[in-house]
Amino acid sequence: MSEAYFRVESGALGPEENFLSLDDILMSHEKLPVRTEIPMPRLGTFFLDRSGGSEADNAIPQTFVGRFRRIMDSSQNAYNEDTSALVARLDEMERGLFQTGQKGLNDFQNWEKGQASQITASNLVQNYTKRKFTDMED
Amino acid sequence: MFCERAMELVRELHRAAEGRLPAFNEDGLRQVLEEMKALYEQNQSDVNEAKSGGRSDLIPTIKFRHCSLLRNQRCTVAYLYDRLLRIRALRWECGSVLPSALRFHMSAEEMEWFNHYKKSLATYMRSLGGHEGLDITQDMKPPKNLYIEVRCLKDYGEFEVDDGTSVLLKKNSQHLLPRWKCEQLIRQGILEHVLS
C-alpha cells in the first residue's frame, strides 16, 4: 500500500458528497427503480422499460452494522494468517475496511516488536520491479 | 445509458490497489469527450427549437442531457485528479527518478506536472534549515541512530561513503553505513535495514 497516496475521502459521513471522491461517484451510481412522470422525447431506447416507485428498505442499516462488526472483529484478530476466506464474501468497500483494520493491527505489532523505526522498501517500487520481469518474459 | 464510459474510467482507477498507477486511458477519455460533444450539440439544437419553435416539451430532455454532461465532467475531473494524487505519491515513494515502466503509464501532461511538482518540492526543501536546505523525503521513520546496519539484496556495485572511501555492495554483503545515504536504496529494495 502506498503511504504517500492520499485519495479524496468520501463525504458520506458529512453533509454532502465530495465532488472528486471516486467512492462517492461509485456510490451515487447505484440504480434505483423509477417511473417516468413526464415524457422525455428524443432520448431513444433508454426509457422503454418502466417500473413502479422504489420501496425503502429499513433492514439496510441493520445489515450494515452486523457486517461492520464482523469485519472489525476479524480484521483485528487475524494476524499473519491467510485471510482469503474472511474477505471472499465482502464487497469492495468492505475489503477496504478490512485492510484498514489489518494495517492497524500490523502497525501495532511492528511497534511492539520495536520495528517502528525500521526503514522498509517501498511497496510501490517492489510491485514495479516484479512486473518488469513479467514483461520481459512475454 | 449515458456516462457508462466515464464510469468505467472511475472504476478502473478505484480497482487499482491503493496508490498503483494504471496506464493513462487515452481512448476511454476520448470516448467520454465525444459523448459530451454529442450531448452538448443535441442540447444546443433542442434549446433553439424549444425557444423559437415553442417546443417546451423538450425541456425535460435538455435537463437530462445536461445532468449527463455534468456527470461526465465530474467523472473525468475526478479521474484526472486522482491520478495526479498517485503521481505525487510517486515522488515520495520512488524518489525523483521514476522507473521506466511507470513513465509509460503517464500522459505527457502528467509527466510535465510531475516535473513541476519535483521542482516545487526541491525549491521548498532548499528554503528550509537556513542556507543548508533540508531533505524532508528522508527520515520518514523516526531515526534512532546515525549509522545503520544494512544487508545488500541485489548486486549494486561501488557505493561512495562520506570520507571518499567506497564500499562494494554485493548481494548478501552487510555494512554499517550512514543512515541518510542508505535510505533511498532501502526504499528502492536494493538494501535491507537490519535491526540488531
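Up top is the structure these notes are about.
This text gives an overview of the structure that appears in the document.

Parameters at a glance
Residue positions within a chain follow its written sequence, with the count starting from 1. Ligands are numbered from 1 and chains lettered from A, in the order in which they are written. Residue-level local features of this predicted model are given only where pLDDT is at least 70; pairs of side-chain atoms are given and counted only at 80 or more, and the full residue set underlies all totals for whole chains, interfaces and linings. As a convention, hydrogens and water are excluded, and side-chain values are obtained from all of the structure's heavy atoms. Helix and strand assignments come from DSSP, with helices taken as H or I runs of at least 4 residues and strands as E runs of at least 2, each series counted from the N terminus. Relative accessibility under 20% of the residue-type maximum defines a buried residue, over 50% an exposed one, and the middle range a partly exposed one, all with a 1.4 Å probe and only protein chains included. Here, residues are in contact when the closest pair of their heavy atoms is within 4.5 Å. In these tables, accessible area is a Shrake-Rupley quantity obtained with a 1.4 Å probe, and a residue counts as shielded only by the protein chains included in the view. Any two strands with at least two DSSP bridges between them are considered paired. A fitted line through C-alpha atoms represents every axis, and for helices the fit uses only the stretch in contact; the resulting angles, taken between N-to-C directions, go from 0 to 180 degrees. Remark: nonpolar core denotes a set of buried residues (Ala, Val, Leu, Ile, Met, Phe, Trp, Tyr, Cys) joined through side-chain atoms within 4.5 Å. Any Phe, Tyr or Trp ring, taking Trp's six-membered ring, that has another such ring centre within 6.5 Å forms a pair; planes under 30 degrees apart are called stacked, those over 60 apart edge-to-face, and the others tilted. Charge-over-ring contacts are defined here by two conditions on Lys NZ or Arg CZ: a distance within 6 Å of the ring centre and an angle within 35 degrees of the ring normal. Accessible area, probed at 1.4 Å, shrinks when two parts are joined; the buried area is that loss added up over both. Salt bridges, as used here, are contacts in which a Lys or Arg side-chain nitrogen is within 4 Å of a carboxyl oxygen on Asp or Glu. Nitrogen and oxygen atoms within 3.5 Å of one another constitute a polar contact, given that in protein one can donate a hydrogen and the other can accept it, and given that sequence-neighbouring residues count only through two side-chain atoms. Throughout, the ten residues Ala, Val, Leu, Ile, Met, Phe, Trp, Tyr, Cys and Pro are labelled nonpolar, Asp, Glu, Lys and Arg are labelled charged, and all others, Gly among them, are labelled polar. By convention the crossing between two helices is left-handed if the near helix lies anticlockwise of the far one by an angle smaller than a right angle, and right-handed if it lies clockwise. Patch building starts from residues that exceed 30% relative accessible area and form no salt bridge, then joins like charges within 9 Å and nonpolar side chains (Val, Leu, Ile, Met, Phe, Trp, Tyr) within 5 Å.

**Topic: the overall build of chain A**
At step 1: Helix and strand counts for chain A stand at five helices and zero strands.
At step 2: Taken from N to C terminus, the helices and strands of chain A fall in the order α-α-α-α-α.
At step 3: Put simply, chain A has 138 residues, and 22% of those count as buried.
At step 4: Considering only residue pairs separated by 6 or more positions, chain A has 31% of its internal contacts joining residues 24 or more positions apart.
At step 5: Accessible area for chain A stands at about 10,400 Å²; split by element, carbon and sulfur atoms hold 53% of it.

**Notes on the sheet that holds strand S4 (residues 174-178) of chain B**
Residues and elements named next belong to chain B.
At step 1: Here three strands make up an open sheet; going across it, the order is S4-S1-S5 and the pairing antiparallel. The strands lining the two open edges of the sheet, one partner per strand, are S4 and strand S5 (191-194). Across the sheet, the mean angle from the axis of one strand to that of its neighbour is 45°, orientation sign disregarded.
At step 2: Sheet topology note: the strand S1 (residues 147-152)/S5 ladder contains four bridges and is antiparallel. Paired with Cys152 across the bridge in S5 is Leu191.

**Section: the nonpolar core**
At step 1: Counting residues in each nonpolar core, the largest one holds 20 residues, and the members touching the most others are Ile25(A), Phe2(B), Val10(B) and Cys75(B).
At step 2: Breaking this core down by element, the ones donating at least two residues are helix H1 (22-27) of chain A together with helix H1 (4-15), helix H2 (26-52) and helix H3 (59-94) of chain B.
At step 3: With 14 residues, the next largest nonpolar core counts Ile148(B), Phe159(B), Val167(B) and Leu169(B) among its residues.

**Digging into the packing of aromatic side chains**
All names here are of chain B.
At step 1: For the structure on display, the rule yields six aromatic pairs over all chains.
At step 2: Between the aromatic rings of Phe2 and Phe64, the centroid separation amounts to 6.1 Å while the plane-to-plane angle is 50°, which identifies the pairing as tilted. Residue Phe2 is located in the segment before H1, and its partner Phe64 is located in helix H3; the two are separated by 62 residues in the primary sequence. As far as burial versus exposure is concerned, Phe2 and Phe64 are alike and both buried.
At step 3: Centroid distance Phe24 to Tyr79: 6.4 Å. Interplanar angle 40°. Geometry classified as tilted. Of this pair, Phe24 sits in the loop between H1 and H2 while Tyr79 sits in helix H3; the two residues are 55 residues apart in sequence, bridging distant segments of the chain.
At step 4: Between Lys181 and the ring centre of Phe159, over which it is positioned, the NZ or CZ distance is 5.2 Å.

**Regarding the pairing of strand S3 (residues 166-169) of chain B**
All names here are of chain B.
At step 1: Burial along S3 is one-sided: the face carrying Val167 and Leu169 is buried and the face carrying Ser166 and Leu168 is not.
At step 2: With four bridges connecting them, strand S2 (residues 157-160) and S3 associate as antiparallel partners. Bridge pairing in S3 places Gly157 opposite Leu169.
At step 3: From the end of S2 to the start of S3, which pair antiparallel, there are five residues, and Gly164 there has a positive phi angle of about 95°.

**A short note on the interface of chain A and chain B**
At step 1: Counting residues at the interface gives 44 residues for chain A and 53 residues for chain B.
At step 2: Buried area between chain A and chain B, both sides added, is near 4,600 Å², and the carbon and sulfur share of it is 64%.
At step 3: With a shortest N-O distance of 3.0 Å, Arg42(A) and Glu49(B) are connected by a salt bridge.
At step 4: Scanning the region where chain A abuts chain B turns up 15 residue pairs in polar contact (both at pLDDT 80 or more).
At step 5: Among the secondary structure elements, those contributing two or more residues to the side of chain A that touches chain B are H1 and helix H5 (123-137) of chain A.
At step 6: Sorting elements by how many residues they give to the side of chain A that touches chain B places H5(A) first, with six residues.
At step 7: For the side of chain A that touches chain B, a count of residues per class yields 23 nonpolar, 13 polar and eight charged.

**With respect to the packing of helix H2 (residues 59-77) of chain A against helix H4 (residues 92-112) of chain A**
How two helices pack is summed up by the angle between their axes together with the distance between the axes.
Residue and element names in this part refer to chain A.
At step 1: In the contact formed by H2 and H4, the axes pass within 8 Å of each other and the chain directions differ by 35°. Like other packed secondary-structure pairs, H2 and H4 cross with a definite hand, here right-handed. Along its contact with H2, which presents Phe64, Arg67, Phe68, Ile71, Ser74, Ser75, Gln76 and Asn77, the element H4 presents Met93, Glu94, Leu97, Phe98, Gly101, Gln102 and Leu105.
At step 2: Taken together, the residues that form the contact of H2 with H4 break down as seven nonpolar, six polar and two charged.

**Some remarks on a nonpolar patch on the surface**
All names here are of chain A.
At step 1: Together, Phe64, Val65, Phe68, Met72 and Met93 line one region of the surface with nonpolar side chains, adding up to about 470 Å² of accessible area.
At step 2: At four residues, the largest contribution of residues to the nonpolar patch is made by H2.
At step 3: Note that Phe64 resides in helix H2.

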